[in-house]
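# Tertiary structure, described
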Amino acid sequence: RLAGDAMRPEHRGLRQGTRTLTADSVLAKGPKGGPDSPQGLRHRRVMEGHVRVEGAMLTAEYSPHLLAAALSSKDNADLSTQCRTQAESRLATVVLDRVRRSFLCTSLAHPRSDLRPGRLRQLNEDLSWANSFTSSMGEKAKEVGRFREDAKALEAAGRAQALRREAAACAKEIERLDIEEKAPWAKPDDISRRQSACAERCSAIVAETIEMLRAWTRHGEMAKELLGALVCMADVGGDEFRLEMDRRGLGMAAGAVADVWASRPEVARLALRLLGMVSVELLISHITEAIQEGTIVCLGVAALNQLTRDDPRLIDDVAEQGGREMLDEVDQNWASERMISLQSLNLRRKLRKSSVKSLRPKKPVELAADDVVRIRGCFDAIDEDQSGSIEAEELAVAFQLMGIKATRQEIFEALAEVDLDGSGKVEWPEFLYLMSRYGTSMTIEAQFTRERLAELREVFSAFDANGDSTLSVKELGLVMRSVGLCPTDMEIQGMINEVDADQSGRIEFPEFLYLMSRKVADPENQHRLAFQFFDEERDDCIQRKIFIRKMQELSSEFSIEDLDEMIFQAKFENADLDTLTYKEFIKMMMRS
């Protein structure tokens, strides 16, 4: 009846869902159903397997293969989780202890030592022996794989040392051949053949080392060893090795190592130094691209300092490849970091001794197309001989044409910033950069409000007696006095000399605006200065006759009757219509 019920469709899923009885459950429940029951027989098999495995564990230190065989035997397939875990852990401990001892013996032997090759062979044999146990070591089998990678690293380190020695020998051979080539008994054909052989050997050494560096980029110690070997090659091998490194793409490999190991300064420092030895341009570009990485920036600028200290001639290369512009970005982003600032300051001091111009623009020039066309037109108008450069004396005229006012000192400083070779000439890219620095917001008109600009234009036109859009010394003096300033004729002539870019002896409107921006009086003192202009007798009052005369000199728009009416309306301190006190003058100014 029970079998019939189990075969019904509605009961078929019960047998499929029955749980499997594990060895752990058998041990926990015991031999139910008697010793000859299926569960009792299984309980006996589990216990016998435990006994065999535990016996093999006792002799695992001397015979680990017996424990591995016990774990892989079909007779011991039904083991509890605890027993199997303990057995695998014991086997892994024995195997890994032997591999670890072998690895330490190998790593403690110096790469140049005669002991290293033999110990390295023994380590590889031990790893092959350990590999036969990995299937019975559980999770710890991964450690054997790590030891295998470290063994390869030791082997690669030994190869790196060998390549370093070969490179040194090759460099000495090249040097000796150069000396023999100059000797009178030299055989050109033989020397040429040997030089070709040395060049091929040099290329092979560099190529193999760089390939190893690419393969071991993510292994810190190995990358450090290979970088040290390459630095040594660049030092002893000279230009032959450095050119070959550059041709083989070492710059990209060294940059990748520096980025990966930025957290390990000893590795990143070697990578950046090697990058600079191969190409200063690549090192500067790498620092610029990683400007937000403080470690790369600090170590990169330090590498440039070290390179220029070892070979002062490199400072011109640093300047030519944009070292100054790179330092500007460094200072802008890392001014608060003391170490970076010190490294930057040290390199900047060295760059001041170089007169080489940079091949890179100082900063991207961000100007509208119309502005660039206007600036180019100004440059071409001054560059009459179409030489592509303008003289230093013509730079002031260019500033005037662009409506940018600056003193001679400011123009001299702008010229010194771009004219690094001291030629006294400014080329088109440098001129465009200078104009972009000032921009439309730096023109003299932009420094005044629209109302103030219209007022000054009206004043300028009013005193331009002959209508030639310029002011003479006398006319400028009248204008200055009309706005409350009292300069002498000598001071006025000095003002003209200061801003007269074309040396015409007269002031045009942009130059007039520049004077107004620099010479205008403080609002608190402007009324007092205007009062002193009319107070010729310096008795703290303005005489009616003097006031009328000076006002008519300033402008012919006022009649005597109009001026008398202004004096009458301003009087309030006394009844003397022939004088004006300071307070009455202020009242007049406020009413007007």
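Residues numbered from 1 in each chain as written. Predicted model: local features only at pLDDT ≥ 70, side-chain atom pairs only at ≥ 80, totals over all residues. Heavy atoms only, no water.

Let us now look at the overall build of the protein. The number of helices and strands found in the protein is 30 helices and six strands. The 592 residues of the protein split such that 43% are buried. For the protein, the proportion of contacts with a sequence separation of at least 24, taken over those separated by at least 6, is 61%. When the accessible surface of the protein is split by element, carbon and sulfur atoms take 51% of a total near 33200 Å². (Helix = DSSP H or I, 4+ residues; strand = E, 2+ residues; numbered from the N terminus. Buried < 20%, exposed > 50% of the residue type's maximum accessible area, 1.4 Å probe, protein only. Contact = heavy atoms within 4.5 Å. Areas by Shrake-Rupley, 256 points an atom, 1.4 Å probe, with all protein chains shown as cover.)

Within this structure, the stated rule accounts for zero disulfides. Here C198 stays unpaired: no disulfide links it, and the sulfur of C170, its closest cysteine neighbor, is 4.7 Å away. (Disulfide = S-S within 2.5 Å.)

Enumeration over the complete set of coordinates arrives at 24 salt bridges. Among the salt bridges present, the one from R159 reaches E208, with a minimum N-O distance of 2.8 Å. With R159 in helix α8 (residues 141–181) and E208 in helix α9 (residues 188–215), this pair connects stretches of sequence that are 49 residues apart. Across the pair E173 and R194 runs a salt bridge, and its minimum N-O distance is 3.4 Å. Here the residue E173 occupies a position in helix α8, and R194 occupies one in helix α9, the gap between them amounting to 21 residues. Overall, E173 belongs to the buried group, its relative accessible area being 16%. (Salt bridge = Lys/Arg side-chain N within 4 Å of Asp/Glu carboxyl O.)

Time to look at the environment of I174. Tracing the sequence through the fold places I174 in helix α8. Sequence separation of I174 and R194 is 20 residues, and the distance between their C-alpha atoms is 8.8 Å. Once residues lying within four places of it in the same chain are set aside, the contact partners of I174 are C198 and E240.

With that settled, the discussion passes to the packing of aromatic side chains. Scanning all chains against the criterion turns up two aromatic pairs. Arranged with centres 5.8 Å apart and planes meeting at 65°, the rings of F103 and F147 form a pair that is edge-to-face. Here the residue F103 occupies a position in helix α6 (residues 81–108), and F147 occupies one in helix α8, the gap between them amounting to 44 residues. We note that F103, like F147, is buried. For the pair W129 and F133, a centre-to-centre distance of 4.9 Å together with 70° between the ring planes defines the contact as edge-to-face. Its relative accessible area of 5% is what places F133 among the buried residues. (Phe/Tyr/Trp six-rings, centres within 6.5 Å; stacked < 30°, edge-to-face > 60°.)

Right, let's get into a negative patch on the surface. A grouping of E175, D178, E181, D239 and E240 is seen on the molecular surface, where their side chains present a negatively charged patch. When contributions to the negative patch are tallied by element, the ones reaching two or more residues are α8 and α11 (239–247). With three residues, α8 is the largest single contributor of residues to the negative patch. One can find E240 in helix α11. (Patch = residues over 30% accessible without salt bridge, like charges linked within 9 Å, V, L, I, M, F, W, Y side chains within 5 Å. Lys, Arg positive; Asp, Glu negative; His and termini not counted. Charge placed at Lys NZ, Arg CZ, Asp CG, Glu CD.)

Ranked by size, the top nonpolar core spans 68 residues in total, and within it L213, F241, M245, L304 and M326 carry the most contacts. Top element by residues in this core is α8. It accounts for ten residues. The residues contacting M326, other than those within four sequence positions of it, are I284, I287, T288, V301, L304 and L347. A60, L67, C83 and A141 belong to the second largest nonpolar core, which has 29 residues in total. (Core = buried A, V, L, I, M, F, W, Y, C linked by side-chain atoms within 4.5 Å.)

For the rest of this paragraph, the subject is the side chain of N305. Structurally, the position occupied by N305 is in helix α15 (residues 294–310). Take N305: its relative accessible area is 1%, and that puts it in the buried class. Not counting residues within four places of it along the chain, the set of residues in contact with N305 comprises Q343, N346, L347 and K350.

Let us now look at the packing of helix α13 (residues 265–278) against α15. Where α13 contacts α15, the two axes come as close as 9 Å, and the packing angle between them is 50°. Taken together, the axes of α13 and α15 lie oblique to each other. The element α13 and its partner α15 pack so that their crossing is right-handed. In this structure, α13 uses P265, A268, R269, L272, R273, G276 and M277 to contact α15, whose residues at the interface are I296, L299, G300, A303, Q306, L307 and D310. Class assignment for the residues of the contact of α13 with α15 results in eight nonpolar, three polar and three charged. (Axes fitted to C-alpha atoms, helices over the stretch in contact; angles between N-to-C directions. Parallel < 35°, antiparallel > 145°, perpendicular 65-115°, else oblique. Left-handed = near helix turned anticlockwise from the far one by under 90°. Nonpolar A, V, L, I, M, F, W, Y, C, P; charged D, E, K, R; others polar.)

Quick look at the packing of α6 against helix α7 (residues 115–131) now. Packing of α6 against α7 brings their axes to within 9 Å, and their N-to-C directions diverge by 165°. It follows that α6 is roughly antiparallel to α7 by the angle criterion. Like other packed secondary-structure pairs, α6 and α7 cross with a definite hand, here left-handed. On the side of α6, the interface is formed by V95, R98, V99, S102, F103, C105, T106 and S107, while α7 contributes R116, R119, L120, Q122, L123, D126, L127, W129 and A130. For the contact of α6 with α7, the per-class residue count stands at nine nonpolar, four polar and four charged.

The set of residues buried in α11 consists of F241, E244 and M245. Taken down its axis, α11 places every buried residue within 100° of arc, on the same side. Along α11, exposed side chains directed more than 90 degrees from the buried face belong to D239, L243 and R247. Packing partners of the buried residues in α11 comprise α8, α9, α10 (220–237), α12 (250–260) and α13. Phi for G249, located one or two positions after α11, is positive at around 80°. (Arc of directions from axis to C-beta.)

A rise of 1.5 Å per residue sets the reference length of helix α4 (residues 38–58), with its 21 residues, at 30 Å; its end C-alpha atoms lie 31 Å apart and thus fit the reference within 8%. Restricting attention to buried positions, one finds in α4 the residues G40, R42, H43, V46, G49, H50, V53, A56 and M57. Tucked into the core, α4 has its buried residues touching α3 (23–29), α5 (64–72) and α6. (Expected span 1.5 Å × (residues − 1).)

Bringing the environment of R119 into the picture now. Here R119 lies in helix α7. On the basis of relative accessibility, which here comes to 32%, the residue R119 falls in the partly exposed class. Counting along the chain gives ten residues from R119 to A109, while the straight-line C-alpha distance between them is 8.2 Å.

Confidence in the prediction for the protein averages 79 pLDDT; 81% of positions are at 70 or higher. Across residues 1–7, confidence stays below pLDDT 50; counting only partners more than four residues off in sequence or on other chains, it has five contacts. In this model, residues 11–18 is a region of pLDDT below 50 whose contacts with residues beyond four sequence positions or in other chains number five contacts. (pLDDT = per-residue confidence, 0-100.)

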